[in-house]
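Chains, contacts and geometry: an overview
Residues per chain, in single letters:
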Protein chains: 4
Amino acid sequence: MIRFECDYNEGAHERILQRLMETNMEQTSGYGTDDHCERARMLIRQACGQEEADVHFLVGGTQTNTTVIASILRPHQGVIAAVSGHIAVHETGAIEATGHKVLTVPSPDGKITAAQVKAVYDAHAQESSPEHSVQPGMVYISQPTEYGTMYSKAELEALYAVSKACGLPFFVDGARLGYALASKDCDMTMADLARLCDVFYIGGTKIGALMGEAVVILNDALKRDFRYIIKQKGGLLAKGRLLGIQFETLFEDGLYLEISRHAVDMALKIYDILKQHGVQFLYDSPTNQQFPILPDSLLAQLSQDYTFTFWEKVDHSRSAVRFCTSWATRPENVEALTRDIVSLLQKDKDPAEFAEAVAVLETAAMV
Amino acid sequence: MIRFECDYNEGAHERILQRLMETNMEQTSGYGTDDHCERARMLIRQACGQEEADVHFLVGGTQTNTTVIASILRPHQGVIAAVSGHIAVHETGAIEATGHKVLTVPSPDGKITAAQVKAVYDAHAQESSPEHSVQPGMVYISQPTEYGTMYSKAELEALYAVSKACGLPFFVDGARLGYALASKDCDMTMADLARLCDVFYIGGTKIGALMGEAVVILNDALKRDFRYIIKQKGGLLAKGRLLGIQFETLFEDGLYLEISRHAVDMALKIYDILKQHGVQFLYDSPTNQQFPILPDSLLAQLSQDYTFTFWEKVDHSRSAVRFCTSWATRPENVEALTRDIVSLLQKDKDPAEFAEAVAVLETAAMV
Amino acid sequence: MIRFECDYNEGAHERILQRLMETNMEQTSGYGTDDHCERARMLIRQACGQEEADVHFLVGGTQTNTTVIASILRPHQGVIAAVSGHIAVHETGAIEATGHKVLTVPSPDGKITAAQVKAVYDAHAQESSPEHSVQPGMVYISQPTEYGTMYSKAELEALYAVSKACGLPFFVDGARLGYALASKDCDMTMADLARLCDVFYIGGTKIGALMGEAVVILNDALKRDFRYIIKQKGGLLAKGRLLGIQFETLFEDGLYLEISRHAVDMALKIYDILKQHGVQFLYDSPTNQQFPILPDSLLAQLSQDYTFTFWEKVDHSRSAVRFCTSWATRPENVEALTRDIVSLLQKDKDPAEFAEAVAVLETAAMV
Amino acid sequence: MIRFECDYNEGAHERILQRLMETNMEQTSGYGTDDHCERARMLIRQACGQEEADVHFLVGGTQTNTTVIASILRPHQGVIAAVSGHIAVHETGAIEATGHKVLTVPSPDGKITAAQVKAVYDAHAQESSPEHSVQPGMVYISQPTEYGTMYSKAELEALYAVSKACGLPFFVDGARLGYALASKDCDMTMADLARLCDVFYIGGTKIGALMGEAVVILNDALKRDFRYIIKQKGGLLAKGRLLGIQFETLFEDGLYLEISRHAVDMALKIYDILKQHGVQFLYDSPTNQQFPILPDSLLAQLSQDYTFTFWEKVDHSRSAVRFCTSWATRPENVEALTRDIVSLLQKDKDPAEFAEAVAVLETAAMV
């Protein structure tokens, strides 16, 4: 079985494992107060061009989103997000569990617009009795989005400007940040992002690390007591050094972007080849997630050898699925995948030939 | 600087790192659904003699305590714990953050008794209007305790019996469980513990792993939907395999107990040597934490070369401090530490000789 | 100014005030343990035909919804509701503040269907990793709805059946229950409702009482420890007798339905008269709330003498507004209102005549 | 049965009921935006000598404490209170349910001291890793306390000064405030109190009103968005006018203090008479709660005719109990109570005479 269902199917980049081996018996203090964390913080500040940024290391994405959001909102406030946002659908109500509503706005492509933020803010402010509904308290986006799409620099500028005008801290979930920054369509750097939000994080779990997310707090007002919230929400790793060592390795000579670029290259190879063979895509993603629309009969066949994620039914005979690549994706696997899809597509053109495949479809469970 | 301030100063046992290297490029599914986790679960069930137990892997202790407790209590219920319990003092209100009060009982030695549990339960049940105060909903202990002390099998039997009689699930925090089970004073096995509680966990972070705690749920009523709570509280590691691989290694041939025994041996060496030289101890600990009472002047000197944890002032000139050993503690470091303490103690007998030390004391900051 | 913007513009029905006077210096025990509460419970059980029901008195609607929902859900569960449901939009995130997501479904008329409940349940159950999203844990509707519409007995039967089949407690918010039961289109009694849900409440605040809601718990599994949750959520009134006396009065000889009927009669008078004059309505409401669509210019004029609630813009020149009647609405006020609207409508037909009105519109602020 | 077990056994002062009658059919807007609330706010500001204070009306004490505290604390913060404080023991974990720990300090007399606040603050600030424990975020006291004792003006000044120095908002629960201010031992006015805290409330439920507490916010930083929190926590009464009318009545010509004085007079009569007959008291209370220590046999007899609250066993044959008086206490009831106690005390001196009483004791359940 070759796996494309997510971007965390393997362990860590070998250089990271190497560093963990080398440093294993060093004695360090706990909870992120060690020298490796300190050096990783410094490297990240440099990459952001923000000497005054606070940098904290947490373990996973849900934890990081929850911790950042809970640290910012007052009890009566909610967070504006796309209806497809990770915090809105994939975190088992982690945000609500800290007492806050996710205020969703529609989004066909996974992105939200400055105009939407303004509209939510204005609608609330103009109510005759605003205290009867949740007050918008911050804005959440992810870069890239759940659908692999990206915000342009201009879009981020507009979102940051409107957030500021409304007094709403602007938070960017970067669980897959490298896969946006490494995209050839991307018109911004990490330093640009750091100028255009109040707080963001750099995902390690999905990009080369065993685990780990680096939160970068730019806005001074959000820095205070953040370690308390990390601890309370269960994110203060005893051996914080593990996170420090990993981010040190990822940031000391450009490894983070280098391996991100590999993932994006692999994804675009899938895109290009399928496109050439007439496959349509649900979203137009320039990053490491691709969402082709394929015949259900083909998918049933394909799932014998490959894992991928069912996304949604498109019509009675076709579905969109998701293929993820990552820093660890092997070119030979991408070749095999695309070759097999193309081959199945060609057979598919002769429906008679596919009596058997349809039968398979009815019994097989897709991954 | 030689570190004794906690039991997570180093990375992981070399066999664990080795296994992480070997398995690094295996492709597995996420969130603990992989074969390594499955095998680790099986090994733990065997070690517990409980084929029907549910086993889940989480990342850290605060997260594990919060997740287990939040999964059990109804909104109006609290958890009974020693006033010195980890959940009562060292978790930044993580339990309260999920809505629950920690109902503390006094404890000179870190332990609570069956009689105390009964008393709390009865006092509440006998109130004329019990609904005006928090209902006891479960019992929490740790084995060993925060003070390094241990429950005997008989004490656990009594606690479990009274908890059952009161309808209170009984939860054992085993963040340092190995260090209890490996103590020569210990009269129980992991299988005994598994028979004597509703849910417990096996700490990996402090015993050989990079990180990780294995929750073992014995009581069927507590098994339902536990993965939802893990996810919501931020503990469902994307690369769950990391936890599976580590517990697989710790449990496949007795490594967990073997390295725990080393830590306890090292701790008792400290205890024995200091005892021989007339040092008193704050608690009578047979596990990996030792709490000698030493002159402040001596501690000031000692802190030039060693880290340890200040515990409490005992009188105007002496304090109790904590030394932790671990699976990673080197015998030569224990020798150096005890030699230096003994040497300082001997100098200390001549107060004149220590004018200098007292001066140092006034300026030095203890770790 | 004559008020139609809500159904709590006046104090209490005079018989209630009378009883409060008569009983004022009686000495009773607190927190709803007095004889008046006991008798009110008995009367409500009789009205429900449910001798085993638990009946509790709370102060207001948001409090009651929060208390009931928090008492039922486990931490990872959410409540299914119409997107327009009171708990979804008008309670400042009170449900989320207890840790739970409101799982909204679309609803053009304020109602939800059994098929929608089934669909939400199935969609969740069929996810490959259901633990990554909030588990549906109960179903919430209000009878009548926020839009004045009502569920038929058949609709409630279907909702209750599907809820039961899915293991979801079914909760009916009856803040305006009387106004449904007293509607001439209503095909059910309070006893019918009590057979068709797990828990519901009978609103007093909007129907004759100073304040107060009576929660009726039918399902034994939901009865346990409910008073603890009331207390914790701030709803256990010290002088609980106040609620007991009010519900006693409302239920001892049919007063509740009698005054509800008056409100509905008044509302239908507004409906009938406006309908005769060609006015369209946003929703087809047979209860005490009416939602006519009227010219903005007319509304601006009308708001000089009457209060009502702006609901939504319908097109560039017309808006839907809400008029509420209540137990306290005076026939002469309804006559004045309808007469004035009709008169304004007639003038409106001659646009020339309305130059002045348009000017007014631009400066006047609608209530 | 004559009731002394609490100070909310009757309805409301007759003048309040009178005003509710007179205003009953006035039409007003909801949620505290009516003219009665506005006038009550103005009268309370005058009584406080604080023209800029924000005044809000809530329904009950637990609700008010929860709302105020939740509006102030950040997620990682707790509230300092006496171990006997209402929020620590009598509110079913309402504070914890909003996510916050109550940081208790010992208190033999129900009061806490400025030195204790300083000590808690310093202990936390001086921890080497303060983020591992709950940060003190505010200070809570009640005036008078749960034990009927009072803070002097000097004590309040000290508490306010130390709170300010530590950056901790200082909150005074005045559920029984009138009974302190009306005490002849009291050396402060409501205006003094308003100068010496950040936020306090004036209890109506226990002093003349049907229900209601008036929150007075002095510190500008705490004023923002408070109505949102009231709404979310279920305290925004639809017919807010009810609270407005009651506080208007209590404050328009000194009724609040006048009826408070009556309660205190009644309480001191109990105190004086029992004292004359050699009865000891558990606390030295100058307010409306008295805590005599009486023989259990006597209490068993007394409970045939009177209700009172069991407080604690003092020795094998005596208990402390609580008698509350209120604005509604009748002098003839106080006379009867004291006469009966004195008479029972005299019989008690002849133990032989009491064989029967002891037998009664063993079966009777005290209220």
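All values reported here derive from a predicted model rather than from experimental measurement.

**Topic: the overall build of chain A**
A count of helical and extended segments in chain A gives 15 helices and 14 strands. Computed over the C-alpha atoms, the radius of gyration of chain A is 22 Å, within 12% of the 21 Å expected from 2.2 N^0.38 for a compact globule of 367 residues. By its C-alpha atoms, chain A is 65 × 60 × 35 Å across when sized along the principal axes. Burial statistics for chain A: of 367 residues in total, 65% are counted as buried.

**Looking at the interface of chain A and chain B**
With 47 residues of chain A in contact, the opposing surface of chain B contributes 47 residues. Counting the surface lost from both chain A and chain B, the interface buries some 4,200 Å², and carbon and sulfur atoms represent 55% of this. If you sort the residues of chain A by the area they bury against chain B, Tyr8(A), Gln27(A) and Lys239(A) come out on top, with a joint share of 17%. The tally of links from chain A across to chain B stands at zero salt bridges. The interface formed by chain A and chain B holds 26 residue pairs in polar contact (both at pLDDT 80 or more) in total. Counting residues per element, the ones that place at least two in the side of chain A that touches chain B are strand E1 (2–3), helix H1 (14–23), helix H3 (61–72), helix H5 (94–97), helix H10 (226–232) and helix H11 (241–252) of chain A. Of all the elements, H1(A) adds the most residues to the side of chain A that touches chain B, at four residues. Residue composition of the side of chain A that touches chain B, by class: 21 nonpolar, 16 polar and 10 charged.

**A few points about the sheet that holds strand E4 (residues 102–105) of chain B**
Residues and elements named next belong to chain B. Read across the open sheet, the seven strands follow the order E2-E8-E7-E6-E5-E3-E4; overall the sheet is mixed. Sheet topology places strand E2 (54–58) and E4 at the edges, where each strand pairs with a single neighbour. For this sheet, the mean inter-axis angle between neighbouring strands, taken without regard to orientation, is 25°. Bridge analysis of E2 against strand E8 (residues 213–217) gives five bridges, and the strand direction is antiparallel. Its bridge partner being in E8, His56 is matched across the sheet by Val215. The sheet contacts of helix H6 (residues 114–125) involve strand E3 (77–82), E4 and strand E5 (135–142), and relative to E5 the element is tilted by about 165°.

**Describing the interface of chain C and chain B**
Facing 20 residues of chain C, the contacting portion of chain B comprises 20 residues. Summing the contributions of chain C and of chain B, the shared interface buries around 2,000 Å²; its carbon and sulfur component is 48%. When the buried area of chain C at its contact with chain B is split by residue, Glu131(C), His132(C) and Tyr228(C) rank highest and sum to 34% of it. At the junction of chain C with chain B, the criterion picks out two salt bridges. Between Arg227(B) and Glu131(C) there is a salt bridge; the shortest N-O distance is 2.6 Å. Inspection of the chain C/chain B interface yields 16 residue pairs in polar contact (both at pLDDT 80 or more). Looking at which element gives the most residues to the side of chain C that touches chain B, the answer is helix H10 (residues 226–232) of chain C, with five residues.

**Quick notes on the packing of helix H12 (residues 255–276) of chain B against helix H14 (residues 331–348) of chain B**
Residue and element names in this part refer to chain B. One way to put it is that H12 packs onto H14 with a least axis distance of 10 Å and a crossing angle of 15°. Classified by the angle their axes make, H12 and H14 are roughly parallel. Pair H12 / H14 crosses with right-handed handedness. The residues of H14 that touch H12, namely those facing His262, Met266, Lys269, Ile270, Ile273 and Leu274, are Pro331, Val334, Leu337, Thr338, Ile341 and Val342. Per-class residue counts for the contact of H12 with H14 are nine nonpolar, two polar and one charged.

**So, the UniProt feature "domain: Aromatic amino acid beta-eliminating lyase/threonine aldolase" (unreviewed entry) in chain A**
As recorded in UniProt, the sites labelled "domain: Aromatic amino acid beta-eliminating lyase/threonine aldolase" (unreviewed entry) are residues 17–244 of chain A. Segment residues 17–244 of chain A splits into 39% helix and 16% strand. End C-alpha atoms: 13 Å apart.

**Quick notes on the relation of the copies chain C and chain B**
Once chain C has been moved 0.1 Å along the axis and rotated by 180°, it coincides with chain B to within an RMSD of 0.1 Å. Taken together, the turn and the small shift mark the pair as related by a two-fold rotation axis. Within chain C, the C-alpha atom positioned nearest to the axis of rotation is that of Arg74(C), 3.8 Å from it. When the interface residues of chain C are mapped onto chain B, 100% of them again lie at the interface, so the same face is used by both copies.

**Quick look at the packing of aromatic side chains**
Under the criterion given, the structure shown has 60 aromatic pairs over all chains. Aromatic side chains Phe4(C) and Tyr306(C) sit 6.4 Å apart centroid to centroid with 40° between the ring planes, which places their arrangement in the tilted category. Within this pair, whereas Phe4(C) is found in the loop between strand E1 (2–3) and helix H1 (14–23), its partner Tyr306(C) is found in strand E12 (residues 306–307), the two being separated by 302 residues in sequence. Grouping residues by exposure puts Phe4(C) and Tyr306(C) together as buried. With a centroid separation of 5.5 Å and 75° between ring planes, the pair formed by Tyr8(C) and Tyr31(D) is classed as edge-to-face.

**Regarding the nonpolar core**
Formed by 181 residues in total, the largest nonpolar core has its most connected members in Phe200(A), Ile202(A), Phe200(B) and Ile202(B). Setting aside residues up to four positions removed in sequence, Phe200(A) forms contacts with Cys48(A), Phe171(A), Val172(A), Leu177(A), Met190(A), Leu193(A), Ala194(A), Ala214(A), Val215(A), Val216(A) and Leu218(A). Membership of the second largest hydrophobic core comes to 180 residues, among which are Leu20(C), Ile259(C), Cys48(D) and Phe247(D).

**Here's the deal with the sheet that holds strand E5 (residues 135–142) of chain A**
Residue and element names in this part refer to chain A. Here seven strands make up an open sheet; going across it, the order is E2-E8-E7-E6-E5-E3-E4 and the pairing mixed. Every other strand in the sheet has two partners, leaving strand E2 (54–58) and strand E4 (102–105) as the edge strands with one partner each. Recorded for the sheet is a direction-independent mean angle of 25° between the axes of neighbouring strands. With four bridges connecting them, E5 and strand E6 (residues 170–173) associate as parallel partners. Opposite Tyr140, over in E6, you have Phe171 as the bridge partner. Against the sheet, helix H6 (residues 114–125) engages strand E3 (77–82), E4 and E5, with an angle of about 165° to E5.

**Topic: the environment of Thr28(C)**
Within the secondary structure, Thr28(C) is located in the loop between H1 and helix H2 (35–48). Put simply, Thr28(C) and Met138(C) are 110 residues apart on the chain and 37 Å apart in space, counted from C-alpha to C-alpha. Excluding residues within four positions of it along the chain, Thr28(C) makes contact with Asp34(C), Arg241(C), Arg3(D) and Asn9(D). At a separation of 3.0 Å, a polar atom in the side chain of Thr28(C) contacts the side chain of Arg241(C).

**Section: the pairing of strand E11 (residues 292–295) of chain B**
When strand E9 (residues 280–281) of chain B meets E11(B), the two strands line up antiparallel, connected through two bridges. When the bridges of E11(B) are listed, Phe281(B) appears paired with Pro292(B).

**Quick look at the pattern of salt bridges**
Inspection of the entire model under this criterion finds 76 salt bridges over all chains. Ionic pairing is found between Arg41(C) and Glu38(C), a salt bridge with its closest N-O pair at 3.0 Å. Of this pair, Arg41(C) and Glu38(C) both sit in helix H2, three residues apart, which is roughly one turn of the helix. Note that Arg3(D) and Glu5(D) form a salt bridge whose closest N and O atoms lie 2.8 Å from each other. The class for Arg3(D) is buried, based on a relative accessible area of 19%. Here the residues in one salt-bridge network are Arg19(A), Glu22(A), Arg39(A), Glu248(A) and Glu252(A), joined through shared partners.

**Let's talk about the domain arrangement of chain A**
Residues and elements named next belong to chain A. Split into domains, chain A comes out as domain 1 (12–252) and domain 2 (257–363). The straight-line distance from the C-alpha centre of domain 1 to that of domain 2 is 31 Å. Between domain 1 and domain 2, the residue contacts involve 24 residues of the former and 20 residues of the latter. Both faces combined, the contact of domain 1 with domain 2 buries some 1,700 Å², and carbon together with sulfur accounts for 63% of it. When the buried surface of domain 1 facing domain 2 is broken down by residue, Tyr147, Tyr179 and Ala182 rank first, second and third, together holding 35% of it. Taken together, the connections running from domain 1 to domain 2 amount to zero salt bridges. Joining domain 1 to domain 2, the criterion identifies four residue pairs in polar contact (both at pLDDT 80 or more). With four residues, helix H8 (residues 177–181) is the single largest residue contributor to the side of domain 1 that touches domain 2. The residue inventory of the side of domain 1 that touches domain 2, partitioned by class, reads 11 nonpolar, seven polar and six charged.

**Points about helix H2 (residues 35–48) of chain D**
Note on helix geometry: an α-helix contains 3.6 residues per turn, so any two residues three or four positions apart are oriented the same way. Residue and element names in this part refer to chain D. Its 14 residues place the ends of H2 20 Å apart at the C-alpha level, agreeing with the 20 Å of an ideal helix rising 1.5 Å per residue. Every buried residue belonging to H2 is among His36, Cys37, Ala40, Arg41, Leu43, Ile44, Arg45 and Cys48, and all of these are buried. Where H2 begins, the side chain of Asp34 points an oxygen toward the backbone nitrogen of His36, at a separation of 3.0 Å. Positive backbone phi, approximately 60°, marks Gly49, located one or two places after H2.

Each value, and the rule that gives it
Residues numbered from 1 in each chain as written. Chains lettered and ligands numbered in written order. Predicted model: local features only at pLDDT ≥ 70, side-chain atom pairs only at ≥ 80, totals over all residues. Heavy atoms only, no water. Helix = DSSP H or I, 4+ residues; strand = E, 2+ residues; numbered from the N terminus. Rg over C-alpha atoms; globule rule 2.2 N^0.38 Å. Buried < 20%, exposed > 50% of the residue type's maximum accessible area, 1.4 Å probe, protein only. Contact = heavy atoms within 4.5 Å. Buried area = accessible area lost by both parts, 1.4 Å probe. Salt bridge = Lys/Arg side-chain N within 4 Å of Asp/Glu carboxyl O. Polar contact = N/O pair within 3.5 Å; in protein donor to acceptor, adjacent residues only side chain to side chain. Nonpolar A, V, L, I, M, F, W, Y, C, P; charged D, E, K, R; others polar. Pairing = 2+ DSSP bridges. Axes fitted to C-alpha atoms, helices over the stretch in contact; angles between N-to-C directions. Parallel < 35°, antiparallel > 145°, perpendicular 65-115°, else oblique. Left-handed = near helix turned anticlockwise from the far one by under 90°. UniProt positions renumbered as here; feature names shortened; annotations may be inferred. Least-squares fit on C-alpha atoms with pLDDT ≥ 70 in both. Phe/Tyr/Trp six-rings, centres within 6.5 Å; stacked < 30°, edge-to-face > 60°. Core = buried A, V, L, I, M, F, W, Y, C linked by side-chain atoms within 4.5 Å. Domains from an automatic or database assignment. Expected span 1.5 Å × (residues − 1).

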